[in-house]
Structures are given as C-alpha cells and as structure tokens.
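# Structure assessment
Residue strings, one per chain:
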Amino acid sequence: MTSNNAPHFDPERFFRHGMGGHGGRLGLHYAAHGADWVELALPYAPELIGEPDSGVLASGPILSMMDMATSLSVWLKLGTFRPHATLDLRIDYLRPATPGRTVIGHGECYRITRSIAFVRGQAHDGDPDDPLAHVAGTFMAPEGYS
C-alpha cells in the first residue's frame, strides 16, 4: 500500500522518541518488526500483577499491549501513521503468564480495505509455540485507509 514517495512508519523510532501515555506507564518496549507485523515486550512488574498471591500479570496490561502491537502493524502495512480506532479486539486466553517473565506480543495486519484493517496476533512469555493468548480484531480509520 505504500509507494516510493510515501512516508515510512518506523515503530522503533516511535518508541525511542517517547512512548508516553498508557503504553509508557505499562513499560511497553519495542522488540522487532517486519513489513506488516510488530513485536512488543511487556516486562514483568509487581504493580501489573492481577491477584497478589498468584504473581501472574493481570489480563488488562496484556490486552493493552496486544492492542498497541496490532495497531502498529496497521501503520507498518500502510507505511505511515493514520489515526484509527479499535473497533473490535477479541482475546482468547489460553493460559496464565508465567510469573517473573516478560510477555512478548506479536501483532500482524493481514488485510486493509478502504476503511477497515484486519489484525491478528499472539502473546507468549518465551516460547512462541506455547502462547498464552491469541487476538483477532479490526480497526477503522475515520478518514479511510486508502
């Protein structure tokens, strides 16, 4: 969807120049990216634990990370930042995150229409073959994507 003259969206630069707001408060970090996918890291932190006796990260920070990862994947596929809103982001939790481990969120944009972007992803805590959650969702750009 990008042309040689189109701006280039760089998620590493996006994070390097100050990831503030909700993502900054959670401690999200850039990990890696490709043409239509991005990986973010959510470091283990005691203040993100859901039930104090369990030591397990709460589901909210993981969902927030996956929303950000899938959103960034849309901008990567477009090649530029475009304001958009999360229409739907379903998350299926497969197991709890392992206490003490960083959670990695992989988000991918697999299709963009004139106004809707379709995304999917997974979160794991060290082994992509043993995910702790899968996500699927859609974003909408009020001004359109094309």
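If you trace the six strands from one edge of the open sheet to the other, you get 1-2-4-5-6-3, paired in antiparallel fashion. Two strands close off the open sheet at either side, each with one partner strand: strand 1 (29-33) and strand 3 (85-93). Ignoring strand direction, the axes of neighbouring strands in this sheet form an average angle of 20°. Across eight bridges, the pairing between strand 4 (residues 103-112) and strand 5 (residues 116-124) is antiparallel. By the bridge assignment for strand 5, I104 is matched with H124. Helix 3 (residues 59-78) rests against strand 1, strand 2 (37-42), strand 3, strand 4, strand 5 and strand 6 (133-140) of the sheet, and its axis sits at about 40° to strand 4.

Scanning all chains against the criterion turns up five salt bridges. Taking the shortest distance from any N to any O, the salt bridge between E108 and R120 comes out at 3.2 Å. Of this pair, E108 sits in strand 4 while R120 sits in strand 5, and the two are 12 residues apart along the sequence. For R120, a relative accessible area of 39% corresponds to the partly exposed category. Salt bridges here are not isolated pairs; linked through shared partners, they connect R95, R101, D125 and D130.

Cut-offs applied
Residues numbered from 1 in each chain as written. Predicted model: local features only at pLDDT ≥ 70, side-chain atom pairs only at ≥ 80, totals over all residues. Heavy atoms only, no water. Pairing = 2+ DSSP bridges. Helix = DSSP H or I, 4+ residues; strand = E, 2+ residues; numbered from the N terminus. Axes fitted to C-alpha atoms, helices over the stretch in contact; angles between N-to-C directions. Contact = heavy atoms within 4.5 Å. Salt bridge = Lys/Arg side-chain N within 4 Å of Asp/Glu carboxyl O. Buried < 20%, exposed > 50% of the residue type's maximum accessible area, 1.4 Å probe, protein only.

Honestly, that's just the spatial picture; any functional story needs more than this.
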